[in-house]
Amino acid sequence: MSTRPICVLVGAPGAGKTTVGTALAEALGVDFRDTDADIENLAGKPIPEIFVDEGEEHFRTLERAAVAAALASHAGVLAIGGGAVLAEENRAALIGHTVVHLSVELPDAVKRVGLGAGRPLLALNPRATLKHLMDQRRPLYAEVATATVVTDGRTPEELAAEIAALLKP
Ligand SMILES: Nc1ncnc2c1ncn2[C@@H]1O[C@H](COP(=O)(O)OP(=O)(O)O)[C@@H](O)[C@H]1O
Ligand SMILES: O=C(O)C1=C[C@@H](OP(=O)(O)O)[C@@H](O)[C@H](O)C1
Ligand SMILES: [Mg+2]
């Protein structure tokens, strides 16, 4: 039987999709899924290694397949990678879903991505690259979102509670 996510989280790297999504799923008592984790499981290696070994284009191919599969089969909270909205195929697939854009401005995004590794696109010059990615993608997040939640200066728990309230019928 086909099913659909309760909510799909989109936004820039560092918006908190993985962190807030995990907290939201816990608050709602449902499963959390992240297409980045699906891709890593399928490829059998971390995302930075996929970029080094096979390149970004191959990663985007795996990502399109992962987004389509998760949208068709996951019933809980779903986070998709920050760059997934670049593909027209993914934006079209999101139509009709409840899509929450976790918005973040550059200062908070820089602080947050600085806290962890594992984002190959941001390995060299995180601030300048993030600024470029965010400028390029802002209209695409707006295009697919059915709601936007501002994350700057807010905790993941506050954000999870706000989204849970927003999802109530
Ligand atoms: N609202 C927030 N406030 C402070 N730190 C956050 C917040 N959301 C996420 N973080 C931290 O920022 C980093 C990136 O978060 P993550 O959930 O991986 O973002 P994304 O999946 O959108 O790239 C993590 O170290 C996480 O703990
Ligand atoms: O912005 C991007 O293009 C990417 C974001 C990452 O996910 P997060 O948005 O969860 O960091 C991951 O999919 C990959 O490193 C590419
Ligand atoms: Mg993530």
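Residues numbered from 1 in each chain as written. Chains lettered and ligands numbered in written order. Predicted model: local features only at pLDDT ≥ 70, side-chain atom pairs only at ≥ 80, totals over all residues.

- Per an unreviewed UniProt entry, the recorded name for the protein chain is Shikimate kinase, and the organism is Micromonospora chalcea.
- A UniProt comment under Pathway (unreviewed entry) is attached to the protein chain, and it reads "Metabolic intermediate biosynthesis; chorismate biosynthesis; chorismate from D-erythrose 4-phosphate and phosphoenolpyruvate: step 5/7." (UniProt positions renumbered as here; feature names shortened; annotations may be inferred.)

**As for the sheet that holds strand S5 (residues 147–150)**
Right, so step 1: Sheet architecture is open: five strands sit in the order S2-S3-S1-S4-S5, paired in parallel fashion. The open sheet has two free edges, formed respectively by strand S2 (32–34) and S5, since each of these has just one partner strand. Adjacent strand axes in the sheet meet at a mean angle of 25 degrees when their direction is disregarded.
Right, so step 2: Here four bridges tie strand S4 (residues 99–103) to S5, and the two strands are oriented parallel to one another. Bridge pairing in S5 places His 101 opposite Thr 148.
Right, so step 3: Sheet strands touched by helix H1 (residues 17–28): strand S1 (7–10), S2, strand S3 (77–79) and S4. Its angle to S3, the strand with the most contacts, is close to 175 degrees. (Pairing = 2+ DSSP bridges. Helix = DSSP H or I, 4+ residues; strand = E, 2+ residues; numbered from the N terminus. Axes fitted to C-alpha atoms, helices over the stretch in contact; angles between N-to-C directions. Contact = placed C-beta atoms within 7 Å.)

**Let's talk about the nonpolar core**
Right, so step 1: Ranked by size, the top nonpolar core spans 43 residues in total, and within it Val 8, Leu 9, Val 10 and Val 100 carry the most contacts.
Right, so step 2: Here this core gets five residues from one element, more than from any other, and that element is helix H4 (residues 56–73). (Core = buried A, V, L, I, M, F, W, Y, C linked by C-beta atoms within 7 Å. Buried ≥ 20, exposed ≤ 12 C-beta atoms within 10 Å, placed from the backbone.)

**As for the pairing of S4**
Right, so step 1: Burial analysis of S4 places five of its five residues in the buried class, the great majority of the element.
Right, so step 2: Residues of S4 alternate between two faces, with Val 99, His 101 and Ser 103 on one and Val 100 and Leu 102 on the opposite face, all of them buried.
Right, so step 3: Bridge count between S1 and S4: three bridges; the pairing is parallel. Residue pairing for S4: Val 10 is matched across the bridge by His 101.

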